[in-house]
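Residue-level structural notes
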Amino acid sequence: MPFTQLVLVLYLVLAFFTPVLAIFLFVREAKLRKQLKALEEENARQHSAFQRDVAELKRQLAAGAQHPASAAEKPPVAEVRLPIPTPAAPPRADRPTPVVVTPLNATPPASLPTEMREPAKPYFPPATPPVEKKPEILPEQKPQPPAPILPPATAVPTSASEAKPLAPTRPAEPKPLVPAAVPSPLRTPPVPAVPPAPPKAPSAIPPAAAARVSTPRSFSALRVPAPKPTLQQRMKGVDALEEALGTNWLLKLGIILVVIGVAFFGIYELGALGALGKVAISYITSLVLLVGGIFLEKRETYRLLGRAAIGGGWALLFFSTFGIYHVGAMHVLNSLTLDCALMLMVAVAMAVHTLRYRSQFVTGLAFLLAYTTVALSHDTVYSLSSGVILAIGLIAIVLKMGWFELEVFGILASYLNHLYWLYRILGVEGAQGRPFEAYHASLTMLFFYWLTFRISYVFRTIKTDFEEHVSTLSALLNTLLLLGIMKFQSVQPELAYLALLVVGAFEFSFAQLPVTRRRRRAFVVLTIMGAVLMLAAAPFHYSGNNVAILWLVGAEVLLAAGIIFKEVVFRRLGLLTGLLVGLHIIGIDFRQLVTLRASGEGLALALGVLFALCAFVFYLNALGIGSRWKEFFANSPDCQFLTIHTYIGAFAAGAAVWALFSRDWTALAFAAVMLVLATFGRKLESFHLQVQYTLFGALTMYRALAVNLHLESPEHTHVNTRILTLPLLAAIFHLTAKLAAFRDDPKHRIFRGLFAFAGTALFAFLIWFEVPELWRPVAFIAFAVALSEAGTALRYHALAAHAHVLTLLAVFTALTADSANLHIWHGIPVHALAALPVIAGCYWLAKRLGVENPRHLEIARSAYTWVAAGLMLWVLYEALHTPWIAVGWIAFALILGLSARWIPYRQLVWQANAVSACAFLRAYLFNLTLQQMFWHKISMRLFTVGLVTAGAYLLAKIAADTIEEFNPLIRNAYTWVGAFFIGILIWYEAPHAWMAVFFLVAGILLALVGRRWKLPHLGFQEHLFAITAVARAFDVNYDLTASCGHFSLRIITISIIAAGLYAISRMAAERGAPHALLSAYLHTTAATTLLALLMWKESSTAWLAALWALFAFALAALDRRFKLDDLRWQAHALAAITLMRSVVINLYVEETWHGVSVRLLSLSIVALVFYALSRLIRMPDHWRARDFHHVYSWSASTLVSLLLWYELQSRPPSIAVGWAVFGLVLFEYGLLRKITQFRYQAYVALIAAFTRIFFSNLTASDAGEFWGPRLYTILPIVLIFFFIYAQLPAKETDTARDRRWHFDALLAYLGTATIAALFYFQFASEWVVTSYAALAFALFVAAWAMDRPIFLDQGILLAAGTFARGMAHNLFGAGYFGEGDWTGRYFVVGSAVAILLASLIFGLRLRGRYAASSSSARWSRALSAIRSRPEQLQFFLAIILLTTMLDLKMREGMITVAWGIEGVFIILLAFAVKERSFRLSGLGLLLLCVGRVLAMDVWRLQPRDRYITFIIVGSALVLVSVLYTRHRETIRQFL
Amino acid sequence: MKRSVVFVVFSLILGVSLAGLYWSQRRPKPTPVSANAILNIAADAQRDLARAPMQFTRLSDEEEIAIGRELAARYAAQTRKLTPQEEGVEKYVRRVGGALAVHAHRHLPYVFHVLPDRNMINAFSLPGGPVYIGGGLLDLMMSEDELANVLAHEVEHIDHYHCVERVQLEAGLKKLNLEVLGQLVQIPLELWQIGYHKDEEFEADREGMFLAVQSGYSPYGAVSSFQHFAKLHDEYVVHARDPAQELSELAIQSLTGYFRSHPLPSERLDQANRVIVEKHWEGRKSQKPFRVEYEVHNGEFVK
């Protein structure tokens, strides 16, 4: 019964609305026609007057041209030429209008009042909703005949934005030259000249302007691209956004939240109030909103607020009416019919009243809020009747006013409302085939929605493209939402195809109605939608091949219909359906074939026929229909579709072959298709067919390799089908290669080459499988020679490349044949003999290769000769006995080298070099290890290596003298090899103890011989022998214990070596050679090293450092006397190892000498020597200028620091203080004596002290101890830091270098960092954040008072540190259950936030004191920007900390409320300090509240928290919006 | 600055510094050199940085219990079976622990185990409820209140998510999927024995004292426990003889001590005394004697 009741109500609604709406529309149409007629007359009058004005203007222009002299006296701007438009070129919107050229009237712009040139344009756009900014209604413009002259002033702005006058054009409007040119219904009323008019945007728009306005299409071709906005324009955009947010959107959001909050309040039980009470409160609230809104709407300032209140009031009123029957907590009425009638009345009243304001916003707000509020409280399907009523009302408004955007939201609201109701009764899974009680009622209601919105779509009148776009969106949404919700509530899934078919048929039928075909877009949308739905219905009821066949039939029908009726939509749908068929056969049918083929090679007749049919149809479409009706497909995307059809056809053809043929014959069938396609492709010269038969070629090749090669058959057996099919396939490939080359261009050569290569490959496979192993090299090389000769004869040189590959195969088979050496002939392996024809073939090909490209020919010839040489090397290796291989190779190298005398081919020489290198390697790796004797006491090693060495010298002597390629470098290499082999022989033969001496003697002899015979490289060989001698001495001679007389053998041999080194040091290298000095240095260095080591062997441990130091001092003194630079460097080296020994050994010496510590004495001597060296050591002046000599003072200071450590180590915290004091003393001394390096040493000591406190001092105090070693050892260090920092003023010249290295900043940072570290350990961990905030505050005060930017930087860093610490430790790092007391929850972080906010006092005073940097570095610019505006960082860090604290510490239900209140306070603070960014952050926080409400609160909160949050946040938004509205002018001053 | 002013200030600072040096040298108790300051800072930073993501990726109680059971099963496989005497001790520990667990914030299946190892002077807990106490630590106990405070401390490690956060951190570092319990094998069990971050230890101490007091035990049990630990700690301080040795010890401490950045026993003792004063628990000094059946003298049982 309720269902019948609902249908009855709907019928009554329709019955009531239809006549009323018809009468209303009739009257309205009559009025509009009357207005249209009047406007036409007015337009004609203006047009004639305008033509007269233009004629007058032309006359004046002609008169001006006749008097150029008088024109020259006019200001330059008067020379601006008027554009001369033609009928074919309508005026550009941004061209100067005639009023711009008023200077023609002899009134230059300079004489205009200032107010005229800079019109009093309001900074913000008027505070009205966007729709209200649209210009007033214009009558539909009739097409005007092209006027002979059409001045730009007649150009009607094409949109509301263009209707706004441009700033430069405004001043001229008060003084128009041609009064008749001014009137334009779209133009804003002109601004009076004196005084300037106050901003009066809203009142300037008559109420009628809010209705839908249609404007003619703009001439986009004449538009210039929009210039890139400047920074100022972007900032204006931000300002406008803020204004819009503050005065407009926050207000709307606030009203929405308040209304929903009140609705929540009504829905949920409240103990103290009954249903009647809640209804009363709801009604009273709605009436208050309505009455207040009506009252405020009359005041200019609060008009927007009033309209929002009206919308919210109507929505709440509708909800109240709905709720008195449907909401349990408000249920006071028992009649559904009466409630529906009341809702209808309220809806009608709502529509009628809100339409008075002609504001889409007001009406939309009322309706959508009504939807939202009733959606919150559905109980039965009949409660959805409210949605039906709202939908009908909405459609009526949409059709009347043309607010199609509103309809989109209406569609969404209606369907989603319905879905929400279904979700509440069915759950998130939907019906899933389970019937439910209200199914039929729900289905009927859905169809009612769909039909209502579809009729609205079909019968509407569209005036602009934008409206058409919006309508399209609504049409799509209507169907998609219908289908989606039907799916959700589906109780019979098997009937889905029927639903799709019916809906599709309806959509298709709607598309063919004459009223629809008037609008092309509607026809297209509905046709496509209908066709898609009907096609989609097929798979729901059919499966397998039937679907493809059905779709293929449908595609052909649509294609035929498109050709018959010349309708592109049908044609394209047909082609797209064909693509769908292709996808189906690829994705479904082909998978069946694959499955079938996986199980066997049997005949698949059905699938084969299907694929063959598809191939035929697709090729027919592409090649037949496409060629017959070219005009339908050329120059359109359909051409691409036809191309895709050919590919689908090719796929189908391939699949058909696969289904219908088996085993070896499949490849032949593929090849046949390839040949047919190649024939057609050559005839049609089709690139796509070429691609397709190429793919077929690949497929054929794959099939031949996989099947026709018969790899499964045993080796050395003949297969008949292989012998039969491979030549056939090869022949077809070569034939196709001939057909593939349409033209002689690179692309076609590639195609031909691929096919020809495939043919050759198949022949090669035939050889591989059918020819015996030892004969394969001969067969391959013979085939290669034959192909090369054939290519030369046929002038098809690509065959030469095939010859290359075949030669490689020949070499490969030669190297791998008979690897087990089963066939031997007179001790020589047969496979080595079989390689000889390949060598001959290689030399033949190198000589006669038919290649046109000379570079290619050169490379190929070189490769062939190298391959032949390599193969010969291999043959010798295989044929000779192992000791004689190296000899054989060196002999072959000699032959090659000598052959180069008669054959002028340079590669032979390089091959000789390579072969001899192989011989040397072989001799080194093998022959040197030979142990057997050759003859008497002559070993085989000596004999064979000697022969190789002789060969080396022979090549160096004979060949090098005759052939230029054996250049000196190679000749030297040969002699080096000889020397190397000689050295090796000495190694094997010389006595053990004297070997080093022999090496050095040999080297000295080589040096002397080289010096006499002018062979410098022998000098290098001497160096090598000398190095060997020294190394041998280090390795062996220092360990000798035998003696010779009173001296040990060690002293004798090392002394001889040292003496030899000193003696030869200045003669080892050629005099004047570049490396002579280096050679001498190395020799004396080696001698000095040997002597220093002797001292180390002889002296005691404790005094060695002192001895070395004195030895270094002696060397330095000798250098100072005789200017021997190498001795100076040796002194440096000795000093360095002395320092190392002091640190490593002497610091640990505890013995005494006559009661005095040896450590103290020895280190004192070392320190003294170092300080003396720092003054006496000889250095280049530029080194001394760069303070290199202070290395010694640095070393001395390091030793002193280490001594301090040893003296103070019993109490570790003292060490940092000691170092700091030492640094202080060094600094003061360096400052007094003006020695920079001492100050640097002081800085290092201070840095060390700073580092040290982290390892001892900071943890020195006991727990709970305030005045402990931590405090009294760190505080002096802090004082020292800041004291030294104070002595580095900015303009002191003596310390300029210190400041250049930023030591002043470093010390300031160390001081502050020390305090920060002290606070970190001195205070409880939760209070560290507060101490940091206090330190930041102090730094800001210091920066402000002392004008030191470094303290500002530190303050900023500390503020950031406070923020990080607060966030990470106190908020996110806090315990989960503890800290429930007031300090843990709010006070600690709150105090830090308060201190940071208090520091804003100084931050605001420092604002702009330090200007922003213009450095190119991004970091530098960012830091200087922060420094120039420190208050921003202070504020935002504090606010983020506070906001996060509220989020984490507040109860979840109250977080949004707290944020809302915080946002209000931030905005108040922003007003107080006049800071725009603060205000924006407040706005942002309020928007965050809105986001949180929508994303979280509405879903998670308890009912009571929820409506409290909605009401309070909404009220906060409204309050802020009122503030913005009230103080709009004040805010503008801040911007 | 004028020379005279500089000289005066220099003299003053030098005097202050030398005075600090003098006081430092006069201090009777030597301060060990360690990397504790840096380790504390690093551990603080690491813990603070890790804590925020922990809050956003919190495991449910059910997942935590499952993880704890998995880990406990692994631990059970490594320990030997208890003797009858040790089972009696475990029963006693479970009774004391059960009385404490009812007052925890989170209602988890707390289970208390005794590890039969006299060398283990430690107690630890696993996520989801398992609590272990070593035999060596039980040997140090002189009252049931000490036992209660130790157990309450471990319960609070579980209760305040310290244990499960260690699992989350390790899983994050090793990219483990905690839904697959088998992957927990990659986390060594020793991770829960080496103590927690300083703040977490303080928190467990403090909240453990509350738990013990709520269960009727004396907070001075915690004080006497920390006195035992302080005495043990002082025996392990090593002093370097040269900078190189000091540096090497610092390096070793830095490597091994990073995860042992829990506070010194003296600091914990100081906090315990402060809490007693703040909460006015000075009157709760009387402690219950340790169970008669488990009186220990020189490591031997005495009935």
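Residues numbered from 1 in each chain as written. Chains lettered and ligands numbered in written order. Predicted model: local features only at pLDDT ≥ 70, side-chain atom pairs only at ≥ 80, totals over all residues. Heavy atoms only, no water.

Further remarks concern the overall build of chain A. When helices and strands are tallied, chain A shows 58 helices and eight strands. Residues classed as buried in chain A amount to 48% of the 1535 residues present. Long-range contacts, defined here as pairs at least 24 residues apart, represent 72% of the contacts in chain A between residues at least 6 apart. (Helix = DSSP H or I, 4+ residues; strand = E, 2+ residues; numbered from the N terminus. Buried < 20%, exposed > 50% of the residue type's maximum accessible area, 1.4 Å probe, protein only. Contact = heavy atoms within 4.5 Å.)

Looking at chain A as a whole, its pLDDT mean stands at 77, while 82% of the residues score no less than 70. Low confidence marks residues 68–224 of chain A, where pLDDT is under 50. Its contacts with residues over four positions away, or in another chain, come to 181 contacts. (pLDDT = per-residue confidence, 0-100.)

This next bit is on the confidence of the model for chain B. Residues and elements named next belong to chain B. When pLDDT is averaged across chain B, the result is 82; 89% of the residues are at 70 or more. By mean pLDDT, strand β5 (residues 300–302) is the weakest element of chain B at 49, and helix α6 (residues 144–159) is the strongest at 93. Predicted as a complex, the structure gets a pTM of 0.54 and an ipTM equal to 0.81.

Moving on to the packing of helix α54 (residues 1430–1449) of chain A against helix α56 (residues 1476–1500) of chain A. Two quantities define a packed helix pair, namely the angle between the helix axes and the distance between the axes. Residues and elements named next belong to chain A. Running from N to C, α54 and α56 cross one another at 20°; their axes reach a closest spacing of 11 Å. Classed by the angle they form, the pair α54 and α56 counts as roughly parallel. α56 is crossed by α54, and the crossing has right-handed handedness. Together, Glu-1431, Gln-1432, Phe-1435, Phe-1436, Thr-1443 and Asp-1447 of α54 and Ser-1477, Phe-1478, Ser-1481, Leu-1485 and Arg-1492 of α56 make up the contact between the two elements. (Axes fitted to C-alpha atoms, helices over the stretch in contact; angles between N-to-C directions. Parallel < 35°, antiparallel > 145°, perpendicular 65-115°, else oblique. Left-handed = near helix turned anticlockwise from the far one by under 90°.)

Right, let's get into the sheet that holds strand β1 (residues 111–115) of chain B. Residues and elements named next belong to chain B. The strand order β1-β3-β2 describes an open sheet built from three strands, whose pairing is mixed. This sheet does not close on itself; its edge strands, each paired only once, are β1 and β2 (123–125). Between one strand axis and the next, the sheet turns through 20° on average, direction left out of account. Here three bridges tie β2 to strand β3 (residues 130–134), and the two strands are oriented antiparallel to one another. The partner of Ala-123 across the bridge, within β3, is Ile-133. Relative to β3, helix α3 (residues 61–78) is tilted by about 30°, and along the sheet it contacts β1, β2 and β3. This element, helix α4 (residues 84–101), spans β1 and β3 of the sheet and lies at about 145° to β1. (Pairing = 2+ DSSP bridges.)

Our focus in this paragraph is the nonpolar core. Residues and elements named next belong to chain A. Counting residues in each nonpolar core, the largest one holds 142 residues, and the members touching the most others are Trp-314, Phe-318, Phe-319, Tyr-415 and Tyr-449. By residue number, the principal contributor to this core is helix α8 (residues 303–326), which donates 13 residues. Setting aside residues up to four positions removed in sequence, Phe-318 forms contacts with Met-343, Val-346, Ala-347, Met-350, Ala-370, Val-374, Ser-386 and Leu-390. Counting residues in each nonpolar core, the second largest holds 97 residues, with Ala-740, Ala-758, Ala-803 and Leu-806 among its members. (Core = buried A, V, L, I, M, F, W, Y, C linked by side-chain atoms within 4.5 Å.)

A separate point is the pairing of β3 of chain B. On a regular strand, each side chain points to the face opposite its neighbour's, so the side chains alternate between the two faces of the sheet. Residue and element names in this part refer to chain B. When you tally the buried positions in β3, you get five out of five residues, the bulk of the element. Neither face of β3 is left uncovered, since the one carrying Pro-130, Tyr-132 and Gly-134 and the one carrying Val-131 and Ile-133 both have all their residues buried. In the sheet, β1 pairs with β3 via five bridges, with the strands oriented parallel. Looking at β3, one finds that His-113 is bridged to Tyr-132. Adjacent in sequence and paired antiparallel, β2 and β3 are bridged by four residues, among which Gly-128 carries a positive phi angle near 85°.

All names here are of chain A. As enumerated under the stated definition, the model contains 33 salt bridges over all chains in all. Residue Asp-1447 pairs with Arg-1492 through a salt bridge whose shortest N-O separation is 3.9 Å. Taken together, the residues Asp-1447 in helix α54 and Arg-1492 in helix α56 connect sequence positions 45 residues apart. When salt bridges with common partners are traced through the structure, they connect Asp-1119, Asp-1125, Arg-1128 and Arg-1178 into a single cluster. (Salt bridge = Lys/Arg side-chain N within 4 Å of Asp/Glu carboxyl O.)

Our focus in this paragraph is the interface of chain A and chain B. Counting residues at the interface gives 53 residues for chain A, matched by 55 residues for chain B. When the two sides are added together, the surface that chain A and chain B hide from each other amounts to roughly 4,500 Å², 63% of it contributed by carbon and sulfur. Counting the surface chain A buries against chain B, the share from its top three residues, Phe-1255, Tyr-1376 and Phe-1377 of chain A, is 16%. Across the contact surface, chain A and chain B share seven residue pairs in polar contact (both at pLDDT 80 or more). (Buried area = accessible area lost by both parts, 1.4 Å probe. Polar contact = N/O pair within 3.5 Å; in protein donor to acceptor, adjacent residues only side chain to side chain.)

All names here are of chain A. In this model helix α15 (residues 496–512) runs 24 Å from its N-terminal to its C-terminal C-alpha over 17 residues, within 8% of the 24 Å that 1.5 Å per residue would give. Every buried residue belonging to α15 is among Leu-500, Val-503, Gly-504, Glu-507, Phe-510 and Ala-511, and all of these are buried. Taken end-on, α15 shows its buried residues confined to a sector of 125°, consistent with a single buried face. (Expected span 1.5 Å × (residues − 1). Arc of directions from axis to C-beta.)

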